[in-house]
Amino acid sequence: MIANWFWLGFYVVIAAVLLQMLQRQKAWWLVIRTKSPVCQYYFGPFGSREEAKSLQAGYLDDLQSEGAEVLSIKIQRGCQPAELTIDGDTTRDKLSGSL
């Protein structure tokens with residue numbers, strides 16, 4: 001009987017992890033690229049494009065108040081970043097030709 005409870009708990013944990021992974025793949029991200037400093041910032045995850053859009057101004061204000069020069073703003077779905085901020089030479093290498 002205890003073994004059954006163990007396996008039930010195990011399956012619940014696995015299901016929760018898989019659901020979280022699926023939700024992240026469907027999540028929306030706000031991606032802001034700056035020229036000065038050379039960075040790419042990821043904000044999110046958001047449940048919808050509208051949610052990301054509604055919070056965009058606040059993130060822009062924060063970056064601009066720190067002196068950042070914004071190059072582009074995109075709202076993308078399913079682009080779960082490995083890092084939330086990619087800066088300097090790393091950004092140039094990862095974004096070569098796309099700025």
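Keep in mind it's a predicted model, so treat the numbers as computed, not measured.

**Section: the pairing of strand β2 (residues 39-46)**
Okay, step 1: Most of β2 is tucked away: six of the eight residues are buried.
Okay, step 2: Sheet analysis places strand β1 (residues 28-36) next to β2, joined by six bridges and oriented antiparallel. Residue pairing across strands places T34 opposite C39, the latter belonging to β2.
Okay, step 3: Taking the residues between adjacent antiparallel strands as the criterion, β1 and β2 are bridged by two residues.
Okay, step 4: Bridge count between β2 and strand β4 (residues 85-87): three bridges; the pairing is antiparallel. Within the sheet, the bridge partner assigned to Q40 lies in β4 and is I86.

**A look at unusual backbone geometry**
Okay, step 1: The residue after S36, namely P37, is reached through a cis peptide bond having omega -5 degrees.
Okay, step 2: For P37, the location among the structural elements is in the loop between β1 and β2.

**Examining the nonpolar core**
Okay, step 1: Listed in full, the twelve residues of the largest apolar core are W28, L30, I32, C39, Y41, F43, F46, A52, L60, L63, A68 and I75.
Okay, step 2: Those elements giving two or more residues to this core turn out to be β1, β2 and α2 (49-65).
Okay, step 3: In terms of residue count, the dominant contributor to this core is β2 (four residues).
Okay, step 4: Those residues in contact with W28, other than ones at most four positions away along the chain, are G44, P45, F46, G47, S48, R49, I75, Q76 and R77.
Okay, step 5: Judged by nonpolar contacts, the second largest core, of six residues, contains A27, Y42, C79 and I86.

**Topic: the environment of E50**
Okay, step 1: Along the chain, E50 turns up in helix α2.
Okay, step 2: The spatial distance from the C-alpha of E50 to the C-alpha of W28 is 9.3 Å, given a sequence separation of 22 residues.

Rules behind the numbers
- Residues numbered from 1 in each chain as written.
- Predicted model: local features only at pLDDT ≥ 70, side-chain atom pairs only at ≥ 80, totals over all residues.
- Heavy atoms only, no water.
- Buried < 20%, exposed > 50% of the residue type's maximum accessible area, 1.4 Å probe, protein only.
- Helix = DSSP H or I, 4+ residues; strand = E, 2+ residues; numbered from the N terminus.
- Pairing = 2+ DSSP bridges.
- Core = buried A, V, L, I, M, F, W, Y, C linked by side-chain atoms within 4.5 Å.
- Contact = heavy atoms within 4.5 Å.

Function-wise, these values are silent; they only describe arrangement.
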